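Spelled out, the chains give:
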Amino acid sequence: MEAAAASVARSSIGLHSHRPVLFSVYSGPDFIRFGTKSLLPIKHYSSVSNPKPRHRRKGFGSRRCMVVRASSSPESSGSMDPIAPLQLESPVGQFLSQILISHPHLVPAAVEQQLEQLQTDRDAEKHKEEASASGTELVLYRRIAEVKANERRKALEEILYALVVQKFMDANVSLIPSITPSSSDSSGRVDTWLSQDENLEQLHSSEAYEMIQNHLALILGNRLGDSTSVAQISKLRVGQVYAASVMYGYFLKRVDQRFQLEKSMKILPDASDVEVSGIQQVVGDVTPTGAEGSHEALSSHPEVSSFSGGVSPGGFGHGIKASRLRTYVMSFDGETLQRYATIRSKEAVSIIEKHTEALFGRPEIVVTPQGTVDSSNDEQIKISFAGLKRLVLEAVTFGSFLWDVESYVDSRYHFVMN
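For helix α2 (residues 91-102), built from twelve residues, the straight-helix expectation of 16 Å at 1.5 Å per residue is met to within 8% by its first-to-last C-alpha distance of 17 Å. For α2, the set of buried residues is Val 92, Gly 93, Leu 96, Ser 97, Ile 99 and Leu 100. Around the axis of α2, the buried residues are gathered within 165° of arc, so they sit on the same side.

Okay, structure coming up:
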């Protein structure tokens, strides 16, 4: 399961005829297969020192950045500082954006109010449907109801996103802005953001963080402790690993929540070391759920086939540290593992895709006459291994927060399908 990026990244690009989705999300269990190699084929570039705080990039004018505009003084009225890479577009989303900027502590109350309004609107639609006319008027009414339902779904997505952003703000962690080469760094590195690894680590239980360390080790390999070297990597690949790590964080928070509950109630199963063959049996028997719904349909990307790694000379599961939570998860049967590895709502899937696209942009994808993807023109970025670690830690935390806010919102406005 620590190799989330390995198998999810294999299928992290969906190509649809109406709109290419470059960071498509797989909501099945296959993304938690174990792997053994570093997940990023990286060209070593150089070695430099970490960026100092004064080099932190400011002032992204991208249309996909949620922007803070200072208003305390006339001199600073034009300054901007992004708090999240994705711009919220619906009236509800824009309203919450302003609350996040000016009074972030009021976001929960504002969300409660918006959810009440959404519930009222949905109830009103149901009453109208029961008393609707027939014939042409019924067709027109259903079309109007469909449009309104889509508007509510859009508002709901942006409510979830605003709550995730607020949780980062409460933790005093700044989300990484849209990734572009920095003019303040002569080497062209993109990771000029501050390192906040310690703050991110503290947001997870000790058992969950053990699993996150394994996940990092599988992605970065022996470069995990390298904080100075710079690599040149495909921006597309980094985006795919980011999206996979968000899904891993979502899964990890879900199982850790159950683990902590059973731990507090002292009903955990007997902790014992799980044999490698047993691990392979539990995970290997789980197959993808197929293309049932747009949020589960996938198309594989040939370029990232190397992410899946394979079995290293050390054997299956080699290099993965044992942990109590890992052993607990391996006690799940195939059906339970599949259920926990599935993202529950289309809204959450959409948030992951849109946030990742806002962070990494939309690269140009060329499909050859043979039906394969031509990756020869993929944009290359320069990023330190410390910057990669920060990206993955943020992604896992984003997924963890997404599980929290999805559960919170669903308790007040039911939208998660069982």
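The rest of the description comes next.
Its 30 residues place the ends of helix α7 (residues 235-264) 43 Å apart at the C-alpha level, agreeing with the 44 Å of an ideal helix rising 1.5 Å per residue. Of all 30 residues that make up α7, 23 are buried, and the element is covered over most of its length. Two residues or fewer past α7, Lys 266 is found with a positive phi of approximately 60°.

For the rest of this paragraph, the subject is the side chain of Ser 229. Relative to the helices and strands, Ser 229 is located in strand β4 (residues 229-234). We classify Ser 229 as buried; its relative accessible area is 7%.

Moving on, we get to the nonpolar core. Within the largest apolar cluster, 87 residues are counted, with the highest numbers of intra-cluster contacts made by Ile 159, Val 329 and Leu 391. If near-sequence neighbours (up to four positions away) are discounted, Leu 391 is found in contact with Ile 176, Ile 179, Trp 193, Val 238, Tyr 242, Leu 359, Phe 360 and Ile 383.

This part covers the packing of aromatic side chains. Tallied over the entire structure, the rule returns nine aromatic pairs. Arranged with centres 4.9 Å apart and planes meeting at 75°, the rings of Phe 168 and Phe 401 form a pair that is edge-to-face. A residue pair is termed long-range when its members are at least 10 positions apart, and Phe 168 in helix α4 (residues 136-170) and Phe 401 in helix α12 (residues 385-410) qualify at 233 residues. Assigned by exposure class, Phe 168 and Phe 401 land together as buried. Aromatic pair Tyr 250 and Trp 403: ring centres 5.5 Å apart, planes at 90°, arrangement edge-to-face. Of the two residues, Tyr 250 sits in helix α7 while Trp 403 sits in helix α12, which places them 153 residues apart along the sequence. Accessibility expressed as a relative area gives 1% for Tyr 250, which makes it buried. Classification of Trp 403 by relative accessible area gives buried; the value is 6%. Each member of the aromatic cluster is reached from another via a ring pair, and the members are Tyr 161, Phe 168, Phe 398 and Phe 401. A cation sits over an aromatic face here: Arg 122 above Tyr 413, 3.9 Å from the ring centre. In this arrangement the basic side chain of Arg 254 is found over the ring face of Tyr 340, its NZ or CZ atom lying 5.1 Å from the centre.

Considering all chains together, one arrives at 17 salt bridges under this definition. Where Glu 158 meets Lys 154, a salt bridge forms, and the shortest distance between an N and an O atom there is 3.6 Å. Of this pair, Glu 158 and Lys 154 both sit in helix α4, four residues apart, which is roughly one turn of that helix. Here Lys 154 falls in the partly exposed class, since its relative accessible area comes to 24%.

Another aspect to go through is the packing of helix α6 (residues 206-220) against α7. Between α6 and α7, the shortest axis-to-axis distance is 9 Å and the interhelical angle comes to 155°. It follows that α6 is roughly antiparallel to α7 by the angle criterion. As for how α6 packs across α7, the hand of that crossing is right-handed. Taking contact as the criterion, the partners of Glu 207, Ala 208, Met 211, Ile 212, His 215 and Ile 219 in α6 are, on α7, Val 241, Ser 245, Tyr 248, Leu 252, Asp 256, Phe 259, Gln 260 and Lys 263.

Conventions used here
Residues numbered from 1 in each chain as written. Predicted model: local features only at pLDDT ≥ 70, side-chain atom pairs only at ≥ 80, totals over all residues. Heavy atoms only, no water. Helix = DSSP H or I, 4+ residues; strand = E, 2+ residues; numbered from the N terminus. Expected span 1.5 Å × (residues − 1). Buried < 20%, exposed > 50% of the residue type's maximum accessible area, 1.4 Å probe, protein only. Arc of directions from axis to C-beta. Core = buried A, V, L, I, M, F, W, Y, C linked by side-chain atoms within 4.5 Å. Contact = heavy atoms within 4.5 Å. Phe/Tyr/Trp six-rings, centres within 6.5 Å; stacked < 30°, edge-to-face > 60°. Lys NZ or Arg CZ within 6 Å of the ring centre and 35° of its normal. Salt bridge = Lys/Arg side-chain N within 4 Å of Asp/Glu carboxyl O. Axes fitted to C-alpha atoms, helices over the stretch in contact; angles between N-to-C directions. Parallel < 35°, antiparallel > 145°, perpendicular 65-115°, else oblique. Left-handed = near helix turned anticlockwise from the far one by under 90°.

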